[in-house]
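Architecture at a glance
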Amino acid sequence: MANLQPVRGTHDLLPEDMRRHRAVIERARDTAALYGFAEMATPVFEFTEVFARTLGETSDVVTKEMYTFADKGGDSLTLRPEGTAGIARAVISNGLSQALPVKAFYNGPMFRHERPQKGRQRQFHQFGVELIGVPTPQADIEVLACARAILAAIGLAGRVTLEINTLGDTESRANYRTALVDYLSGHVDALSEDSRQRLERNPLRILDSKDPGDRQVVADAPALADHLTPAAADFFAAVRQGLEALDIPYEINPRLVRGLDYYGHTAFEFTTDALGAQGTVLAGGRYDGLIETMGGPSIPGVGWAAGVERLAMLIEDVPAAPRPLVLVPLGEAADKVALTLAETLRRAGHVVEQGYSGNLKKRLNRANRQNARAALILGDDELARGEATLRDLDSGEQTPLPLADPLPALAAYRPADR
RNA sequence: GCGGGUAUAGCUCAGUCGGUUAGAGCGCCUGGUUGUGGUCCAGGAGGUCGUCGGUUCGAAUCCGUCUACUCGCCCCA
């Protein structure tokens, strides 16, 4: 701890940041529940194998972005870089394959050792949804509709674009891969250095390259759409029809290829141009082979994850902090009355704050800074009469409040009634 | 992992050609008001000028270094 800076790429969520963060999560949570998803949580770290095997040994996330460390017993553990692998592991561990489908949503911190920049941190939060055990396009459609509804609830319906693509089934991808590699091999000289390496490891990713030279080559490359098996083509058509039936606008992006190896069939991203280079706000797809790859039964799945910080940056109607009632006791006798009065009011649902010290002026000043709705002044004069002075801080109006029965007069100041 | 930019008060930022006591606004504290907030007035606190080193009679200012932050690339939420 050379200084008191947080670790690079990590951030504190101060109360104001936290309200934005909470607003995103709460709306996502409420909406996901409407679609029949139930919240679950898995540990923030797993055996390294859980991620290494499923995400793809050659993927960037696995090769250079994982926080991996040795446990005292010598096991290799990794801070989760994403949520799906952990959920899939939990499905196997808990035998949930006996109770399909599993419809789960989750929220929590993820960790990737990347160079931080706008909208990208080393510890960040994802909200995600998984629908496991349904092989038909209904699942893809439901999961996309849920995503759309959540973004709408956050107020972003008009500010994001849905891009979708199909990666086809295993057979389609194998056919296409051969055709693509054949074509690209004839243009190796024109490819960027990165893409030359990708040609062997993961040629589909070249489709997504931003390198101008690559793009020229890719422009004339064979299309995945032309290599789909009839079953894969039908599947994608059904997904699109479902989106149209639900009036969910989308664009087909034939170059959309996800970075994790477990995806097949449907792949999608909701993007925005409001976040600089990090335009993706929510992304996912179908992962029919994932659970089997981990050593579980062959169970299909589809899901997505959203970046909570990215959504929090975009949200506009952030709920305000509740406006408290502030108690202002003046003197020792009043302190005692305030102690019990505060508790009485809180039990009745009021948000109650108390100045801890200072004279009347100082306390009112502080109450004002807390955006208090009203102050209850307890001085010797009031106490002698069995009253408090209720000062409405918006109007400045003052009225006596009977201490024996304070609740009726305060009813209008309860948070729910304002 | 690679490239660009930035670093002066709690925050946002000025700071001339290198010149001696480093400034503003906001915020904070005190007083004007011994029991009345917001507005106003007066005053006050708060700075190793990111680090280490160099050039110079003299460095916030010029050069190098390291660190941090930031934007972009790769990649991704």
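Under an unreviewed UniProt entry, the name given to chain A is Histidine--tRNA ligase, and the organism recorded is Roseospirillum parvum. Reading the Catalytic activity (unreviewed entry) entry of the UniProt record for chain A gives the comment "tRNA(His) + L-histidine + ATP = L-histidyl-tRNA(His) + AMP + diphosphate + H(+)".

**Points about the packing of aromatic side chains**
One pass over the structure, following the stated rule, counts three aromatic pairs. A centroid spacing of 6.2 Å and a plane angle of 65 degrees characterise the contact between Phe45 and Phe69, whose relative ring orientation is edge-to-face. With Phe45 in strand S2 (residues 45–47) and Phe69 in strand S3 (residues 67–70), the pair connects residues that are 24 residues apart, well separated along the chain. Taking relative accessible area as the criterion, Phe45 reaches 42% and is therefore assigned partly exposed. Note on Phe69: relative accessible area 35%, which makes it partly exposed. Residues Phe105 and Phe127 carry aromatic rings whose centres are separated by 5.4 Å and whose planes lie at 25 degrees to one another, so their mutual orientation is stacked. Here Phe105, found in strand S5 (residues 102–111), pairs with Phe127, found in strand S6 (residues 123–132); they are 22 residues apart in sequence, far enough to count as distant. Accessibility expressed as a relative area gives 4% for Phe105, which makes it buried. Given a relative accessible area of 2%, Phe127 falls into the buried group.

**With respect to unusual backbone geometry**
Each neighbour pair has its own omega, and for Leu100 with Pro101 the value is -5 degrees, a cis peptide bond. Residue Asp247 is not a glycine yet carries a positive backbone phi of 55 degrees. Taking relative accessible area as the criterion, Asp247 reaches 68% and is therefore assigned exposed. In this structure, Asn371 takes a positive phi of about 60 degrees despite not being glycine. Mapped onto the elements of the fold, Asn371 is located in the loop between helix H13 (360–369) and strand S14 (374–378). A residue is classified by how much of its surface remains accessible, and Asn371, at 40% relative accessible area, is partly exposed.

Analysis parameters
Every chain begins its residue count from 1, and numbering advances along the sequence as written. All chains are assigned letters beginning at A, and all ligands numbers beginning at 1, according to the order in which they are written. Local features in this predicted model are restricted to residues of pLDDT 70 or higher, and side-chain atom pairs are both shown and tallied only at a pLDDT of 80 or more, whereas totals for entire chains, interfaces and linings draw on every residue. Neither water nor hydrogens contribute to the side-chain values; these are computed over all heavy atoms in the structure. UniProt positions are given in the numbering used here, feature names are shortened, and annotations may be inferred rather than shown by experiment. Stacked, edge-to-face and tilted labels apply to pairs of Phe, Tyr and Trp rings (six-membered ring for Trp) whose centres lie within 6.5 Å, assigned for plane angles under 30 degrees, over 60, and everything in between, in that order. Numbered from the N terminus, helices here are DSSP runs of H or I no shorter than four residues, and strands are runs of E no shorter than two. We call a residue buried when its accessible area falls under 20% of the maximum for its residue type, exposed when it is over 50%, and partly exposed in between, using a 1.4 Å probe and counting protein chains only.

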